[in-house]
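Report on the structure
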Amino acid sequence: MNNTASDVGGAIYMRQQLSMGNSTLFGNTATNDAGSIYNWDGAATIQNTIIWGNTGGAPTTLTRTGANATLTIIHSDIQGTGVFTGMNNINQNPLRV
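Throughout this description, residue numbers start from 1 for each chain and increase along the sequence as written. For this predicted model, a pLDDT threshold of at least 70 governs which residues receive local features, and a threshold of 80 or more governs which side-chain atom pairs are given and counted, while totals over whole chains, interfaces and linings are taken from all residues. To obtain the side-chain values, all non-hydrogen atoms of the structure were used and water was disregarded.

1. Here's the deal with the packing of aromatic side chains
- Whether two aromatic rings pair depends on their centres lying within 6.5 Å, for rings of Phe, Tyr and Trp, where Trp uses its six-membered ring; planes under 30 degrees apart make the pair stacked, over 60 edge-to-face, and the rest tilted. On inspection of all chains with the given rule, the structure shows one aromatic pair.
- Considering the side-chain rings of Tyr13 and Tyr38, the 5.5 Å spacing of their centres and the 10 degrees angle between planes classify their relative orientation as stacked. Separated by 25 residues along the polypeptide, Tyr13 in strand E2 (residues 12-14) and Tyr38 in strand E6 (residues 37-39) bring together distant segments of the chain.
- The cut-offs for exposure are 20% and 50% of the maximum accessible area for each residue type, with area from a 1.4 Å probe on protein chains only; residues under the lower value are buried, those over the upper are exposed, and the others partly exposed. According to the relative accessible area criterion, Tyr13 is partly exposed, its value standing at 42%.
- When its relative accessible area of 10% is taken as the criterion, Tyr38 is described as buried. Here a strand is any run of E in DSSP of at least two residues, a helix any run of H or I of at least four, and the numbering for each starts at the N terminus.

2. Digging into the sheet that holds strand E11 (residues 77-78)
- Spatial ordering of the open sheet is given by E4-E8-E11, a layout of three strands whose pairing is parallel. With one partner strand each, in any of the chains shown, strand E4 (24-26) and E11 form the two edges of the open sheet.
- Pairing between two strands is assigned when DSSP locates at least 2 bridges connecting them. As paired strands, E4 and strand E8 (residues 50-52) are joined by three bridges and run parallel to one another. By the bridge assignment for E8, Thr24 is matched with Ile50.

3. As for the nonpolar core
- Here, nonpolar core means buried Ala, Val, Leu, Ile, Met, Phe, Trp, Tyr and Cys residues that are tied together by side-chain atoms lying within 4.5 Å of each other. Counting residues in hydrophobic clusters, the biggest one holds 14 residues, and the most contacted among them are Ile12, Met20, Leu25, Ile37 and Leu62.
- Secondary-structure elements contributing two or more residues to this core are E2, strand E3 (17-21), strand E7 (43-47) and strand E10 (70-74).

Honestly, it's all geometry; don't read function into it.
Given below as structure tokens:
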């Protein structure tokens, strides 16, 4: 993906359920928050995914708001730290060519 959002969620703005795997979110931009995924009040499960090189307000990668919002990330490469739970994740540049 290579998108630009005028507010939040450069790649994805979600309010319900998201299940994503074996994906790459790279080069997305949001003006205010969450260059990649903005989770308003949904349940997201992301696995085997690279989320890198996205820009936005702080935090630049992932944002979780709303009382019921959850982000579970498993076996993925996520740039920076975020508001998510999960296991076996790394924060290392994937060196895309």
